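Here is what each chain is made of, one letter per residue.
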Amino acid sequence: MNWLNINKNDRNLLIGFIVVVLLGPLIMEPIGGGYPDLLQKFAIFGIFAIGFNILFGLTGYLSFGHAAFLGIGSYTAVWSFKLLTMNVIPAIILATLLGGFFALIIGFIALRRSGIYFSILTLAFAQMSYNLAYSVLTPITNGETGLQLRLHDARVVDGLFGVERTAGLPNTELFGLAMSGWNGYYFCGFLAIVGFFISLRIFRSPFGLMLRAVKSNQHRLSYTGLNTRPYTLAAFVISGMYAGLAGGLLAVTDPLAGAERMQWTASGEVVLMTIFGGAGTLLGPVIGSAVIKYFENIFSSFNEGILLNAFSFLPEGLQQAFAWTVGLFVGEGWHLTLGLLFMFIVIFLPGGLMEGATRIKSLFQSSTKGSPPIQKDLPVEKS
Amino acid sequence: MSNETPTNNSRRNILKGTVAIAAASTMPLIFSNKAFAANYTNEPTGSTVTFGFNVPQTGAYADEGADELRAYKLAVQHINGEGDGGMMNTFSSKALKGNGVNGKKVVYVTGDTQTKSDAARASAKRMIEKDGAVMITGGSSSGVAIAVQGLCQEAGVIFMAGLTHSNDTTGKDKKANGFRHFFNTEMTGAALAPVLKNNYGTDRVAYHLTADYTWGHSQEGSIRKYTESMGWKTAQAVPTPVGAGDFSQYITPVLNSGADVLVLNHYGKDMVNSLTQAIQFGLRDRQVNGKQFEIVVPLYSRLMAAGAGENVKGIFGSTNWHWSLQDAGSKAFVKSFGKAYGFPPSQAAHTTYCQAILYADACQRAGSFKPSAVGAALEGFKFDGLGNGPTEYRAEDHQCFKDVLVVKGKENPSSKFDVLEVVEVTPRAQVEYEASMLGGNLGPYNNG
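Residues numbered from 1 in each chain as written. Chains lettered and ligands numbered in written order. Predicted model: local features only at pLDDT ≥ 70, side-chain atom pairs only at ≥ 80, totals over all residues.

1. Topic: the overall build of chain A
Spelled out, the test is: For helices the rule is a DSSP run of H or I covering at least 4 residues; for strands it is a run of E covering at least 2, with both sets numbered from the N terminus onward. Atoms considered for the radius of gyration are the C-alpha atoms alone. The globule rule reads 2.2 Å times the number of residues to the power 0.38. Labels follow a simple rule on C-beta atoms placed from the backbone: if 20 or more others lie within 10 Å of a residue's own, it is buried; if 12 or fewer, it is exposed; otherwise it is partly exposed. Placing C-beta atoms from the backbone, we regard two residues as in contact once those atoms come within 7 Å.
Looking only at helices and strands, one finds 18 helices and four strands in chain A. Expected size for 383 residues packed as a compact globule is a radius of gyration near 21 Å; at 22 Å, chain A falls within 12% of this value. Projecting the C-alpha coordinates of chain A onto the three principal axes gives extents of approximately 75 × 65 × 45 Å. Taken over 383 residues, chain A has a buried fraction of 48%. Within chain A, residue pairs in contact and separated by at least 24 positions form 78% of the contacts whose partners lie at least 6 positions apart.

In structure tokens:
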């Protein structure tokens, strides 16, 4: 019974992570993010990025098609709600499994190449999935409108257990607990903790070491007589399962699955999240996804009225000028801010936000204790 | 924490984990308790009430979205008694007094739908959960409107649909909490077909290019239904992706298809691009089957016509409203919109302005913002003076019924805004249909 056998630093990291998840609403409240939908997105995209990081951060294989698994997870979950039951357990299990299954197929083919060719292959598969979902498979995916629940869905299992049909659309539930709002957040948060713990174990395991070896020099590994394919494929499938789980959770908190979830921009987003936070680090991807989702939801909502209000202490002319200038970077212009921030990170902190944190920490520690930084993860540029 | 080594404290860790999980599962109860305090979702308790305006600010429909937002701001001013009052002066219901709604000043929050269902639902959720919006309105794509309408039904707030033309919005995807003022493709088909018959005859072969989503399919279906029943044939109907930009690969096959009419089931920038490219390919200069080749754009707006410029001349389509209408309501709206922004409003601006006023009026008459009460006030509500003549919010499907305008690109425009002329005002009776025809089920109101 040594299943939680992790060293002290990792244990503190895990406890810290749990505390942050539990206190999420209180932490986000002062900066205008303390509402369920945004925190659900933090947890869900955190899971997505954690999974992506197992592939990209450890093996260095840059997949540009992970959104496909996210979309597959969402469609699976919504179909589970439609056909089986509104309980979320079967939905997320099926979503995870199907995400993994598709990752197995795509990974089997795409992993025959590495580097840029691998990226292009995954991108092509994702784009294929997107187009299939968007128009070809409309009977399954409901095309552009997206798959939604209907009043007269079968819900066989619910029928067997004699769950009474509501007059309106039913809610997704966990044994009677509605999965919208804060309940949904804590459910996603719990799974994010589990996902984080599994990722931590993988990072510290011999398997994780093997993956790092693939990243640092795959050729050398091959010359020692090792077949690296099973390792990379396993990493690919695991990250596909994380993506499937994240997609399933998106449907749990909001039972709708749309094709745009599979678009290449969504795949690019998770790459951004991971690099932003720090690829190859444990916490980085989670932080990266939180920052990007925060920008997308909060910065984009600042309209002219809010800006004029914020600068109301200034004289009339200055107020207009300030509101106009800042307005370029918020509201519709939130992409611009994100782009600038991203450039700054990549140029000055190639290891992402986590590198920044480590630098500050080591600065602090060298001045007091003089010991080297505790966490030494592989820097991102050595891919 | 303890100083023990990691190997012999697993029991302690399991205990800790159990405590954490227990805490995690009780935590939600603390927060969700708040939700049961109010009678309905986001019941306004202070001196203000918040409306949520969810429009595309980026993407293929961004022009429409920008115009919708202008109209919403104007509507809020008028409801709060600022400005010249616009169509509130001509509106047949006099419940609103220019002092807000139910004594509360109207404030608003905005969001960008990006013309994507996910993004639209995320921004609508933000407005409901964080900003406390009691009503969501907007949308310039039927796919998005249907997605957001579903969300509002679940969340228990009213959704006042903006520019959405697909039958499904108040057809098979209709929801009790959703209301639509805009017309739909069924009405477009019924109104446009007789005009096409008079101008182009009954012996035509049509080729459809269709935006590949709910609205495009709905539009294509309605046009085919009405044109085929008067004798037209359909050569082919090709779906095109939304926001494609370049349509030349879809237009080339039209030349050899034997079709003599091209129906462009496109909207926004897509329509501007596809029409411009069709003209560049010389389609309108061709003679096919001994007849002049014609192009039809079933859903027109001034913004699109202005974008396509010269190319719209003589092309037929339908529209919900046009700024050149001479009734008192339209004139008042054009005047106050023009004064605020310096140009006439589009049909998107008109329908969203109407929706904001209609919602505010219904709340005032109901004396509450409770969705079921507001809905009851809107169901079967007959009104006039909002630019479309006598109009009714049908109770069975929450769809407005009113006259439909058939328009044509003007041959000799007098200004850059004067690009469409009204060919015919199709009376309501001619475009009306049974609510059961389009399927769907409203279900009960959800008050949250």
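2. A few points about the overall build of chain B
In terms of regular secondary structure, chain B is built from 13 helices and 17 strands. Over its C-alpha trace chain B gives a radius of gyration of 25 Å, about what one expects of a compact globule, namely 22 Å for 448 residues. Dimensions of chain B, computed from the C-alpha atoms along their principal axes, are close to 90 × 60 × 40 Å. Classification of the 448 residues of chain B by burial places 56% in the buried group. A separation threshold of at least 6 residues defines the contact pool for chain B, and within that pool the share at least 24 residues apart is 71%.

3. Regarding the packing of helix H3 (residues 36-59) of chain A against helix H3 (residues 117-130) of chain B
Test applied: Between N-to-C directions, angles cover 0 to 180 degrees, with each direction set by a line fitted to C-alpha atoms, over the stretch in contact for helices. In this scheme, roughly parallel covers angles under 35 degrees and roughly antiparallel covers those over 145, while 65 to 115 is roughly perpendicular and the rest are oblique. Residues are grouped as follows: nonpolar covers Ala, Val, Leu, Ile, Met, Phe, Trp, Tyr, Cys and Pro; charged covers Asp, Glu, Lys and Arg; every other residue, Gly included, is treated as polar.
Put simply, H3(A) and H3(B) touch, their axes get as near as 8 Å, and they point 135 degrees apart. Relative to H3(B), the element H3(A) is oriented oblique. Between H3(A) and H3(B), the contacting residues are Pro36(A), Asp37(A) and Leu38(A) on the first element and Ala122(B), Lys125(B), Arg126(B) and Glu129(B) on the second. Broken down by class, the residue content of the contact of H3(A) with H3(B) amounts to three nonpolar, no polar and four charged.

4. Details of the pairing of strand S16 (residues 404-409) of chain B
Looking down a regular strand, the side chains alternate between one sheet face and the other. Residues and elements named next belong to chain B. Stated formally: A pair of strands counts as paired when DSSP detects no fewer than two bridges linking them.
Burial of S16 is extensive: five of the six residues sit out of reach of the surface. Bridging between strand S12 (residues 316-319) and S16 involves four bridges; their strand directions are antiparallel. Bridging across to S16, Ser 318 finds its partner in Val 406. Note that S16 and strand S17 (residues 420-426) share six bridges and pair antiparallel. Its bridge partner lying in S17, Val 407 is registered against Val 422.

5. As for the sheet that holds strand S13 (residues 382-383) of chain B
Judged by pairing direction, the sheet is antiparallel, and its three strands sit side by side in the order S13-S14-S15 (chain B) without closing on themselves. With partners counted over all chains shown, the strands left at the sheet margins are S13 and strand S15 (400-401) of chain B, one partner each.

6. Looking at the domain arrangement of chain B
All names here are of chain B. Worth spelling out the cut-off: Domain extents, as shown, originate in an automatic or database domain assignment.
According to the domain assignment, chain B consists of domain 1 (48-182 + 323-401) and domain 2 (186-319). Measuring from the centre of the C-alpha atoms in domain 1 to the corresponding centre in domain 2 gives 29 Å. In this assembly, 18 residues from domain 1 lie in contact with 16 residues from domain 2. Those elements that provide at least two residues to the side of domain 1 that touches domain 2 are helix H2 (62-79), helix H4 (142-155) and helix H11 (347-366).

7. Focus: the sheet that holds strand S3 (residues 135-138) of chain B
Residues and elements named next belong to chain B. Spatial ordering of the open sheet is given by S2-S1-S3-S4-S5, a layout of five strands whose pairing is parallel. At either margin of the open sheet sits one strand with a lone partner, and together these are strand S2 (105-112) and strand S5 (178-180). For this sheet, the mean angle separating the axes of adjacent strands, direction not counted, is 25 degrees. The sheet contact formed by strand S4 (residues 158-161) and S5 spans three bridges and is parallel. Bridge pairing in S5 links Ala 161 to Arg 180. Contacting strand S1 (48-55), S2 and S3, H3 runs over the sheet at an angle of about 175 degrees to S1.

8. A few points about the packing of H3(A) against helix H12 (residues 229-253) of chain A
Angle between the axes and distance between the axes: these two values describe a pair of packed helices. Residue and element names in this part refer to chain A. For the pair H3 and H12, interaxial distance at closest approach is 9 Å and the crossing angle is 170 degrees. Relative to H12, the element H3 lies roughly antiparallel. Residue-level contacts link Gln 40, Ile 44, Phe 45, Ile 47, Phe 48, Ile 50, Gly 51, Phe 52, Ile 54, Leu 55, Leu 58 and Thr 59 of H3 to Thr 232, Ala 235, Phe 236, Ile 238, Ser 239, Tyr 242, Ala 243, Leu 245, Ala 246, Leu 249, Leu 250 and Thr 253 of H12. Looking at the contact of H3 with H12, its residues break down into 18 nonpolar, six polar and no charged.

9. Comments concerning unusual backbone geometry
Residue and element names in this part refer to chain B. A positive phi is found at Asn 42, a non-glycine position, where the angle reads about 55 degrees. With respect to the helices and strands, the residue Asn 42 is situated in the loop between helix H1 (10-35) and S1. Phi angles above zero are rare outside glycine, and Asn 102 is one such case at about 50 degrees. Here Asn 102 is to be found in the loop between H2 and S2. The class for Asn 102 is partly exposed, based on 14 C-beta atoms found within 10 Å.

10. Quick look at the environment of Val431(B)
All names here are of chain B. The topology assignment puts Val 431 in helix H13 (residues 428-431). Each C-alpha atom of the pair Val 431 and Asp 173 lies 20 Å from the other, and the pair is 258 residues apart in sequence. Not counting chain neighbours up to four residues away, the residues in contact with Val 431 comprise Met 187, Ala 190, Ala 191, Val 404 and Thr 426.

11. Considering the confidence of the model for chain B
Fine structural detail should not be taken from predicted coordinates in areas where pLDDT scores are low. All names here are of chain B. To keep things clear, this is the line we draw: The predictor attaches a confidence to each residue, called pLDDT, with possible values from 0 through 100.
Taken over all residues, the pLDDT of chain B has a mean of 86, while the share at 70 or more is 92%. Every residue in residues 1-8 is under pLDDT 50, and counting partners more than four places away or in other chains gives 10 contacts. Below a pLDDT of 50 lies the segment residues 28-37, which in the model reaches nine contacts outside its immediate sequence neighbourhood of four places, other chains included. Of the two predicted TM-score estimates for the complex, the pTM is 0.82 and the ipTM is 0.77.

12. Considerations on the environment of Trp182(A)
Residues and elements named next belong to chain A. With respect to the secondary-structure elements, Trp 182 resides in helix H9 (residues 181-204). Exposure remark for Trp 182: the 24 C-beta atoms within 10 Å place this residue in the buried category. For the pair Trp 182 and Pro 36, spaced 146 residues apart in the sequence, the C-alpha separation amounts to 5.4 Å.

13. Side note on the pairing of strand S7 (residues 233-240) of chain B
Residues and elements named next belong to chain B. Rules: Whether a crossover is right-handed comes down to one check: with the strands pointing away from the viewer, does the path from the first strand over the helix to the second run clockwise; if it does, it is right-handed.
Bridge count for strand S6 (residues 205-211) against S7 is seven bridges, and the pairing is parallel. Looking at the pairing, His 208 lines up with Ala 237 of S7. Remark: the S6/helix H6 (residues 214-229)/S7 crossover connection has right-handed handedness.

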